Amino acid sequence: MPPLRLWQHAWRLLAAAFVGVVVWLIAASQVPPGAYDARVRWLLLGDPLVGLLCLAAVAWRRRYPLTVTTGVAIVSSASTLASGAALLAVGSLATRRRPVETTVMAILCAATGVLSDNLYPRVGGPDPLWLQIALPALTVGIVVAIGVAVGARREELRSLRQRAESAESEQAARAAEARIVERHRIAREMHDVLAHRISLVAMQAGVLGHRADLPSDQVARLARGVADGAHQALEELRDVLGVLRASQTGAEPPQPSLADLPALVEDARALGADATLTTVDGAATPPEVVARTAYRIVQEGLTNAGKHAPGARVRVSVEGARGDGLRVTVRDSGAAGSYDPPPRSGYGLLGLAERVALVGGTLEHHPVDGGGFVLAARLPWPDERTD
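Not measured: the values here are computed from a predicted model. (Residues numbered from 1 in each chain as written. Predicted model: local features only at pLDDT ≥ 70, side-chain atom pairs only at ≥ 80, totals over all residues. Heavy atoms only, no water.)

(A) Representation of the pattern of salt bridges. For the structure shown, the criterion picks out eight salt bridges. Note that glutamate 101 is salt-bridged to arginine 98, the shortest N-O span being 3.7 Å. Given a relative accessible area of 26%, glutamate 101 falls into the partly exposed group. Between glutamate 288 and arginine 292 there is a salt bridge, with its nearest N and O atoms 3.6 Å apart. Of the two residues, glutamate 288 and arginine 292 are both situated in helix α9 (residues 288-308); the distance of four residues between them amounts to about one turn of the helix. Salt bridges here are not isolated pairs; linked through shared partners, they connect Asp324, Arg327 and Arg378. (Salt bridge = Lys/Arg side-chain N within 4 Å of Asp/Glu carboxyl O. Buried < 20%, exposed > 50% of the residue type's maximum accessible area, 1.4 Å probe, protein only. Helix = DSSP H or I, 4+ residues; strand = E, 2+ residues; numbered from the N terminus.)

Structure below.
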């Protein structure tokens, strides 16, 4: 169990003491006037002392849960002030979610509650037996239920914390792996691109340095080759360094929007897809994040149609208005003939659903009767002119 801070210990003990004091005051108020026998003297002297000892004992309940709960529950039969400490011990034991131990201790605590109810004389005599049993049982039951709920909540938080720590560790491992892969890729790039070029330059320069008997036209040709090779190597090195600089600064290319949809559909058409597009009037444009999400929906729909429905007719529709929302639909007619389906990753539509949910939209996708598949989404397009 997670350790408790000092103030968490303090308020629990104060709550137990408050409950015990209330029960003790109720018992004292029921004593008949003028009565001062051994039981009354115990109520005034022994009962508070035993209650204080039980409160001190429950401070160790987390280290010795079963021992402390058993001892306090038994001793509470001789002290009404110890009833709060007994309830605290039983509730703390219930948070551990051990049904057998909790049930036994709850029955014991309820039984000692019945005994302590008849410990002192009272005006009008003892309560009915059913009330003497029902009241302690109900009180203990409520405390046990609260303890079980607290234990379940702690277990859930512990599980979430472990999952978060595991996710952070996995993310750090993936980032380290990505850095290593990128370094290896850059190393291969520099070797493949530059090594051959610089080797040729070195060979040509070596010939110039060791062959003084070469004709002037051959010397000029070798010198020109050295210059051209050095220039090409410099250009290729600049390209590699540009990739490095972009990865360090985190620069990203411009994000697509609805204006890029015609080019996207045209690319699909160039690859052989029978794709058409119906879109909104360009005079009214949705927010950037909504437009980008709509583009990704159409992109995913066209990609899936090309992979899983080759030769199909694909109809793309992007319609809506400010204040009414944006509706994006990609519908295909199904594969034109038999084909070998590619392996499914299952991550495309899942990632798309998360992207749509982030902007507050809804996504649905399902086969169509008669063949084909439809991917549709409704995205919010608030009316920014209204307050």
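(B) Structural detail: the nonpolar core. Ranked by internal contacts, the top residues of the largest apolar core, which has 27 residues, are Ile297, Val298, Leu302, Val318, Leu326, Val328 and Leu379. Broken down by secondary-structure element, the contributors of at least two residues to this core are α8 (261-270), α9, β2 (313-321), β3 (325-332), α10 (348-358) and β5 (373-379). Considering every element that reaches this core, the biggest residue donor is α9, with eight residues. Apart from residues lying up to four places away in sequence, valine 298 is in contact with Leu261, Leu264, Val316, Val318, Val328 and Val330. (Core = buried A, V, L, I, M, F, W, Y, C linked by side-chain atoms within 4.5 Å. Contact = heavy atoms within 4.5 Å.)

(C) Up close: the environment of glycine 91. The residue glycine 91 is located in helix α4 (residues 83-94) in this model. Look at glycine 91 and you get buried, because its relative accessible area is 11%. In sequence terms glycine 91 and valine 148 are 57 residues apart; their C-alpha atoms lie 7.9 Å from each other. Among all residues touching glycine 91, those that are not within four sequence positions of it are Val143 and Gly147.

(D) Inspection of the packing of helix α1 (residues 6-29) against α4 at higher detail. With their axes 6 Å apart at the nearest point, α1 and α4 run at an angle of 135° to one another. Taken together, the axes of α1 and α4 lie oblique to each other. From α1, Arg12, Leu13, Ala16, Val19, Gly20 and Val23 reach across to α4, where they touch Ser83, Gly84, Ala85, Leu87 and Leu88. Within the contact of α1 with α4, the residues separate by chemical class into seven nonpolar, three polar and one charged. (Axes fitted to C-alpha atoms, helices over the stretch in contact; angles between N-to-C directions. Parallel < 35°, antiparallel > 145°, perpendicular 65-115°, else oblique. Nonpolar A, V, L, I, M, F, W, Y, C, P; charged D, E, K, R; others polar.)

(E) Structural view of helix α2 (residues 38-58). With 21 residues, α2 should reach 30 Å at 1.5 Å per residue; the first-to-last C-alpha distance of 28 Å fits that figure. Listed as buried for α2 are Val40, Leu43, Gly46, Asp47, Pro48, Val50, Gly51, Cys54, Leu55 and Val58. Among the structural elements, α1, α3 (65-75) and α4 are those in contact with the buried residues of α2. The N-capping residue of α2, defined by a side-chain oxygen 3.3 Å from the backbone nitrogen of arginine 39, is aspartate 37. (Expected span 1.5 Å × (residues − 1). Polar contact = N/O pair within 3.5 Å; in protein donor to acceptor, adjacent residues only side chain to side chain.)

(F) Expanded view of the pairing of β2. Sheet analysis places strand β1 (residues 274-278) next to β2, joined by five bridges and oriented parallel. Directly across from threonine 276, in β2, lies its bridge partner arginine 315. In terms of strand pairing, β2 meets β3 through eight bridges, oriented antiparallel. Within β3, the residue paired with valine 316 across the bridge is valine 330. Connecting the antiparallel pair β2 and β3 is a turn made up of three residues, with glycine 323 showing a positive phi of about 90°. (Pairing = 2+ DSSP bridges.)

(G) Looking closely at the sheet that holds β3. The strand order across the open sheet formed by five strands is β1-β2-β3-β5-β4, and the pairing between neighbours is mixed. Among the strands making up the open sheet, the edge pair consists of β1 and β4 (362-367). Across the sheet, the axes of successive neighbouring strands diverge by a mean angle of 10°, strand direction being ignored. Along the sheet face, α9 touches β1, β2, β3 and β5 and points at about 10° away from the line of β3.

(H) Highlighting the environment of tyrosine 64. With respect to the secondary-structure elements, tyrosine 64 resides in the loop between α2 and α3. With 29 residues separating them along the chain, tyrosine 64 and leucine 93 place their C-alpha atoms 9.8 Å apart.

(I) Region of the structure containing the packing of α3 against helix α5 (residues 99-117). Taken N-terminus to C-terminus, the directions of α3 and α5 make an angle of 15°; their axes are 9 Å apart at the nearest point. Taken together, the axis directions place α3 and α5 in an arrangement best described as roughly parallel. Between α3 and α5 the crossing geometry is left-handed. Touching Leu66, Thr69, Thr70, Ala73 and Ile74 of α3 are Glu101, Met105, Leu108, Cys109 and Thr112, all from α5. Of the residues assigned to the contact of α3 with α5, the class counts are six nonpolar, three polar and one charged. (Left-handed = near helix turned anticlockwise from the far one by under 90°.)

(J) Fine view of unusual backbone geometry. If you check the backbone angles, arginine 97 has positive phi at about 60° while not being a glycine. Along the chain, the position of arginine 97 falls in the loop between α4 and α5.

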